[in-house]
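# Fold and geometry: a report
The chain contents come next:
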Amino acid sequence: MRRHRPSRNWGARIHEITWAGVEAVVLENELLRVTVLVGKGGDVAEFCYKPRDMDFVWLSPDGLRDPRDVAGGAGDDVALFLDGYEGGWQEVLPNGGGPSTYRGAAFAQHGEVAGLPWDSEIVADEAREVAVRLTVRGRRMPLRVAKTLRLRAGEAELVIEEELVNESGVALEAMWGHHIVFGAPFLRPGHRIRLGAGARVVPHETAIGPGGRRVRGGGPHAWPRVPADGGGVVDLDVVPGAGVPSEIVYLTGLEEGRYEVVDPAGFGMRVRWDVDVLPHLWLWQEFGATTGHPWWGRAYVMGLEPFAGYPTDGLAAAVANGTALTLEPHARRSLWLRAAVIEEGT
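Just so you know, these numbers come straight off a predicted model, no measurement behind them. (Residues numbered from 1 in each chain as written. Predicted model: local features only at pLDDT ≥ 70, side-chain atom pairs only at ≥ 80, totals over all residues. Heavy atoms only, no water.)

### Here we look at the side chain of Thr 290
With respect to the helices and strands, Thr 290 occurs in the loop between strand S24 (280-287) and strand S25 (300-308). At 3.4 Å, the side chain of Thr 290 and the side chain of Ser 246 are in polar contact. Those residues in contact with Thr 290, other than ones at most four positions away along the chain, are Pro 210, Ser 246, Trp 295, Trp 296 and Gly 297. (Helix = DSSP H or I, 4+ residues; strand = E, 2+ residues; numbered from the N terminus. Polar contact = N/O pair within 3.5 Å; in protein donor to acceptor, adjacent residues only side chain to side chain. Contact = heavy atoms within 4.5 Å.)

### Focus: the sheet that holds strand S12 (residues 157-166)
Taken in spatial order, the 8 strands line up as S9-S10-S11-S12-S27-S23-S22-S16 in an open sheet, and their pairing is antiparallel. Whereas interior strands pair on both sides, the edge strands pair on one side only; in this sheet they are strand S9 (119-126) and strand S16 (192-195). In this sheet, adjacent strand axes meet at a mean angle of 15 degrees when their direction is disregarded. Pairing geometry for S16 and strand S22 (residues 258-262), over 4 bridges, is antiparallel. Pairing of Leu 195 across the sheet is with Tyr 259, part of S22. (Pairing = 2+ DSSP bridges. Axes fitted to C-alpha atoms, helices over the stretch in contact; angles between N-to-C directions.)

### A short note on the pattern of salt bridges
Here the structure, examined in full by the defined rule, presents 24 salt bridges. A salt bridge links Arg 144 to Glu 167; the shortest N-O distance between them is 3.0 Å. Taken together, the residues span a long stretch of sequence, with Arg 144 in strand S11 (residues 143-152) and Glu 167 in the loop between S12 and strand S13 (172-174) at a distance of 23 residues. Here Glu 167 falls in the partly exposed class, since its relative accessible area comes to 32%. (Salt bridge = Lys/Arg side-chain N within 4 Å of Asp/Glu carboxyl O. Buried < 20%, exposed > 50% of the residue type's maximum accessible area, 1.4 Å probe, protein only.)

### Looking at the side chain of His 178
Within the secondary structure, His 178 is located in strand S14 (residues 176-179). Here Glu 162 takes part through its side chain, which lies 2.6 Å from a polar atom of the side chain of His 178. Excluding residues within four positions of it along the chain, His 178 makes contact with Gln 90, Glu 91, Glu 162, Leu 278, Glu 305, Pro 306, Leu 335 and Leu 337.

### A short note on the sheet that holds strand S5 (residues 54-55)
Across the sheet, 5 strands lie side by side as S1-S2-S3-S4-S5; this open sheet has antiparallel pairing. Looking at the sheet topology across the chains shown, the edges are occupied by strand S1 (13-19) and S5. Two elements, strand S2 (residues 22-28) and strand S3 (residues 32-37), share 5 bridges in a ladder whose sense is antiparallel. Bridged to Val 25 within S3 is Val 36.

### Side note on the pairing of strand S4 (residues 43-49)
Most of S4 sits out of view: 7 of its 7 residues are buried. As paired elements, S3 and S4 share 6 bridges and run antiparallel to each other. Across the sheet, residue Leu 32 finds its bridge partner in S4, namely Tyr 49. Direction of pairing for S4 relative to S5: antiparallel, over a ladder of 2 bridges. Residue Tyr 49 lies in a different strand from S5, and its bridge partner there is Met 54. Two successive antiparallel strands, S4 and S5, enclose a turn made up of 4 residues, where Asp 53 displays a positive phi of approximately 50 degrees.

### Some remarks on the pairing of S3
With 5 of 6 residues buried, S3 is to be regarded as a mostly interior element. Turn length for the S2-S3 hairpin, with the two strands adjacent in sequence and antiparallel, is 3 residues. Between S3 and S4, which pair antiparallel one after the other, the connecting turn spans 5 residues, and Gly 41 there sits at a positive phi close to 75 degrees.

### Comments concerning the environment of Leu 304
Within the element layout of this structure, Leu 304 appears in strand S25. Leu 304 has contacts with Ile 180, Phe 182, Ile 193, Tyr 259, Val 261, Leu 281, Trp 282 and Leu 283, leaving out every residue within four places of it along the chain.

### Topic: the nonpolar core
Membership of the largest hydrophobic core comes to 101 residues, with the highest contact counts inside it found for Phe 47 and Tyr 259. Among the elements that take part in this core, S25 stands out by supplying 6 residues, more than any other. Membership of the second largest hydrophobic core comes to 5 residues, among which are Ala 24, Leu 37, Ala 45 and Leu 64. (Core = buried A, V, L, I, M, F, W, Y, C linked by side-chain atoms within 4.5 Å.)

### Re the packing of aromatic side chains
If you walk through the whole model with that rule in mind, you get 19 aromatic pairs. An angle of 50 degrees between the planes, with centres 6.1 Å apart, marks the rings of Trp 58 and Tyr 85 as tilted. Taken together, the residues Trp 58 in the loop between S5 and helix H1 (79-82) and Tyr 85 in the loop between H1 and strand S6 (90-92) connect sequence positions 27 residues apart. The side chain of Lys 147 reaches across the aromatic face of Trp 118, ending 4.8 Å from its centre. (Phe/Tyr/Trp six-rings, centres within 6.5 Å; stacked < 30°, edge-to-face > 60°. Lys NZ or Arg CZ within 6 Å of the ring centre and 35° of its normal.)

As structure tokens, this is what we get:
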């Protein structure tokens, strides 16, 4: 923490805080307040649009907990992520989804950088723009990530610029993604997902929760109307009501890294990213059908997650199907991502 940094309460500004015992940085301007958990995964735990007091980040019923305070339950490679999951938006690397072993390295659910504290440095602090640079090194795979989160005065858009580095002299494969999840208070039945042309839907091979599934296996299918598991069709671009079966599908063939989630009036969130680096989009839906662990019927959430690699079975499965990101010795890969609040016509 920087005790003697000049302060400002107008324009773009940045604050260093502690939230539930976790170090965090708040980037703020006239329209947005974005809180980033430096001490836990670099998570975006708040993305609040001030004119409507609307936070687009889903906060789990248990909220943010200090990772040091969640011990006590039986441990496993899934609980390691879920016990500290506050909702929010996570950086996922090098393993997406379930536990997996890659070249002798065992990774837990969404392991490993989402569970690590990151270093932080304020790199811009002016009324017209603020920015913080976060860095982390993997412990089980020699990968380093540096990302800069930037907010400009008068703009309702967060800009993220990243670099992934292979710090070894051997080629590596990895899953890299942004675990972006929407929920209350924003997400409601009837909201729509808007995508560009060309998207194809690849269903997960099996049901992921109790009560079956919504989408028939197989594919790929053309977005957004896909065959339903019990006959008929499912409109995947329309957010359904509570209680429908849980589902995850993978969107491929994207011509552009861009989606929008909007209410019937056209208010919502637009996410854009470098589709050459993250060519797939995971669509995860949990609308209360899981009445056991970990959701206990309390989750009405939807993830739209840009990713290098699928399925949610982990890195070994992505390597096997050829969708994992390959990094040559000492290679660097850059990535940009932008998340903006939109009103109809903007």
